[in-house]
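Commentary on secondary and tertiary structure
Now for the letters of each chain:
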Amino acid sequence: MSVIDLSHEHGLTLSRVEIALRAPGRARRILGPVSLEVPPGEVVTVMGPSGCGKSSLLALICGTLAPALSGSGRVLLNGEDISARPPEARHVGILFQDDLLFPHLSVAGNLAFGLPASIRGRRARRERIEAALAEADMLAFYDRDPATLSGGQRARIALLRTLLSEPRALLLDEPFAKLDVALRARFRAFVFDHARAQGLPTLLVTHDPQDAADAGGPRLQIDAEGHIPGGRPADRGHRPG
Amino acid sequence: MPRHGLLATLPALTLALFLAPVVAGLIGTWLPAFGYFPSLGGDGFTLAPWAKLFAQPGLGESLRLTVLSGFLATLITFLLTILLLAACHGGRLILALRGLMAPLIAVPHAAVALGLAFLIAPSGWLARLVSPWATGWELPPDVAILQDPNGLALTLGLVIKELPFLLLMTLAALEQVRAEERLAVARSLGYGPVSAWLKAVLPAVYRQIRLPLYAVLAYALSVVDMALILAPLAPPPLAVQVLRWFNDPDLSMRFVAAAGASLQLLVVAGGISLWRIGEIVVERIGRAWIAGGRRGGDGRIARVLTTGLVMTAVGFAAAGLVSLALWSVTRRWRYPDALPSEISLDNWARHAPEAAAITSTTLAAGLAAAAVALVLVLGCLENEQRRGLTLTNRALWLLYTPLLVPQVAFLFGTQVLAIQAGIDATWAALVWSHLLFVLPYVFLTLGDSYRALDERYARTALCLGARPNRVFWQVKLPMLLRPVLFALAVGFAVSVTQYLPTLFAGGGRFVTLTTEAVGLAAGGDRRVIGVYAFLQALLPLLAFAAALALPRLLVGPALRRKLRPAAA
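A look at the sheet that holds strand E4 (residues 69-77) of chain A
All names here are of chain A. Strand order in the open sheet made by the four strands is E2-E1-E4-E5, with antiparallel pairing throughout. Each edge of the sheet is formed by a strand with only one pairing partner; in this case those strands are strand E2 (28-38) and strand E5 (80-81). One ladder, built from seven bridges, connects strand E1 (residues 12-21) with E2; its direction is antiparallel. By the bridge assignment, Leu12 is partnered in E2 with Val38.

Some details on the packing of helix H8 (residues 179-188) of chain B against helix H9 (residues 193-222) of chain B
Residues and elements named next belong to chain B. At their nearest, the axes of H8 and H9 sit 9 Å apart, and the two run at 130° to each other. For the element pair H8 / H9, the angle class is oblique. In the crossing of H8 with H9, the sense of the turn from one axis to the other is right-handed. Listed contacts from H9 to Ala179, Arg182, Leu183, Val185, Ala186 and Arg187 of H8 are Ala196, Trp197, Lys199, Ala200 and Val201. Considering only residue class, the contact of H8 with H9 consists of eight nonpolar, no polar and three charged.

Topic: the sheet that holds strand E8 (residues 202-206) of chain A
Residues and elements named next belong to chain A. Taken in spatial order, the five strands line up as E6-E7-E8-E3-E9 in an open sheet, and their pairing is parallel. Of all the strands in the sheet, just strand E6 (92-95) and strand E9 (219-221) have a single pairing partner and so form its edges. Averaged over all pairs of adjacent strands, the angle between their axes in this sheet comes to 20°, without regard to strand direction. Taken together, the five bridges between strand E3 (residues 43-47) and E8 define a ladder with parallel strand orientation. From the neighbouring strand, Val46 faces E8, where its bridge partner is Val205. In the packing of helix H1 (residues 54-62) onto the sheet, contacts are made with E3, E6, strand E7 (169-173) and E8, and the angle to E7 comes to roughly 155°.

Things to note about the interface of chain A and chain B
Taken together, the contacts link 29 residues of chain A with 23 residues of chain B. Counting residues per element, the ones that place at least two in the side of chain A that touches chain B are E6, helix H2 (107-114) and helix H4 (151-164) of chain A. Sort the elements by how many residues they give to the side of chain A that touches chain B and E6(A) lands first, with three residues.

Conventions and cut-offs
Residues numbered from 1 in each chain as written. Chains lettered and ligands numbered in written order. Predicted model: local features only at pLDDT ≥ 70, side-chain atom pairs only at ≥ 80, totals over all residues. Pairing = 2+ DSSP bridges. Helix = DSSP H or I, 4+ residues; strand = E, 2+ residues; numbered from the N terminus. Axes fitted to C-alpha atoms, helices over the stretch in contact; angles between N-to-C directions. Parallel < 35°, antiparallel > 145°, perpendicular 65-115°, else oblique. Left-handed = near helix turned anticlockwise from the far one by under 90°. Contact = placed C-beta atoms within 7 Å. Nonpolar A, V, L, I, M, F, W, Y, C, P; charged D, E, K, R; others polar.

Structure, rendered in structure tokens:
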């Protein structure tokens, strides 16, 4: 018999996370407190009107919160508290609305940027990148300038770049919003399939109900004041196993 | 935090590097102005230097010249800038001008002044082009067009040189105040183009260009190199007179010079205060004018007028440069022929060895100052971003300090300190003195582009596991290659243009193209002046050309390879 609840050992856990605006005098709370659990391979969706602090929540998790904001509470990834770590040491991947491929690097250059340095040797690195491209049916694009790719292709490369960095959790900041409807469904499936296959706890913020429906996981709503009606969604979303 | 260690000290270091010499130099000038200068026997405080200063013959006339040309030049430059932009907003002309202005900013003041002198002198190119068929002049007319008693030639030179600077600063400011939306609203309410711009855009833009405008005023009130070429010299404008006193063989004149330099500072401070009062008055009148609701006409007259005047100014600058080039290859050019009758490279050949040496000094000082400035500015901007700091308005004032304080008002004090520190007339002193003026421009040039880079690129890279230093070198720097090279070129151009700092910090040991060209101006041998002034103008232009071409050369082949269509 174990005294440790195993469900807390794996996945992404937010514990009483709050975000406040640093203001002279007193801080003004803009979000939270939020507590939730994202088990491995599951997609939790956070929905809310624009400006409610959804993106700031993701920034807090990956450690890039704007200096004008302050965060409190704990972020646990696979049982470790990562709240105090610099972003590059958190192993949290993020995708934005824009693909943000580096325009000065080729497709392969972008993917190599994501690939950890621990994979050594030109050949080994090339093979990993080619394997990732082949899996996305994009092997022929190895040497291409990202500017010559279509929106859907760029979005897929951005996901591959993130996955190659071997993240332990995936954050999605409305990455489907700028794609047209047909493309959106396909890319959404592409992202969710990969996230599930790699067992990544995934947190999606969006205001598109279809995103949430496709994600299939628990859903929580933030209102304009940054409150989350309905208590702790982690209780509802948590599935032991 | 340890992650910020070295980087976090950079802003303080940078500030100290370019503010300490100014502050120390001011103190080192004000003390002798009140009689304290032990090495020349001044041990106590006295008002004697000021009494002697005010007893100098011609001081009143010097002041009159300074104030007249300074205010007139600034006012004309400002009015031309805003009226041109109001009348031609969004037009093709503005786009064309933007392309023309960038190289014009690069041309040093002295080269512009010399070119203008070659153009408008009684024996200049303009007179030759219309003589004798239109004027009947077989000999140069005996009128004081250059060095005229009211300093109008100097005023014209200042307008030609400062117009591109203020225009580009205003164009940059327009992007920040969402001018298009403001204009669209005003136009849809029935306002004519010029009225709409002046009433809806100018109030917002003015706040953004206030500091550059003050810098123009401060410069115009204290210019030395252009004044040596274009202004009357008996008596000259105040700044030139102060320089003469500093160079007087009678060492006791240093006290008068220090008092004069301090007076120069007061003139600039008073000038800026007066301008500020003018702003308040105009703002009050302007409010009533805006509230009046008059819609204004279609602005056709303003368009024709401002376009004509600005094109004339640009034309003068360009024609001046051409006449410099022409004189440098002239063997024989009799008055009033329109063109030289014999052309040769003799002038260049004769001066080649000396010109090469002077050019290398100029190059070395410019590259060193620009490179040091770039490293410091990049460090400050990166530190600012990592720590989430933003440049406050007050910090911006600090940045402008070396551009607002007249050079002649503190360089003497700085030189005295350099002598005490044993670094006067060394490369270090020369580069440092240029750095004071290079740094602000490099910061102003690079700051906006650096902050404009989408910060999510850096966030993405961090989340991919890259350390902040790797993000800086592999993401930000390559993406900012163009603005970085451009800032380097700006820094180099600013260094080339420096006259007084080279004289003072160089201690006479260093001759640059600028000091040589200005020094030769008094002699009046147009062939030699042509050689040096043309080189002086050419060097910064080449730097800008390189800054534009290099990214293409560096990125070109790699990009072409990547653009190869994928095999099907």
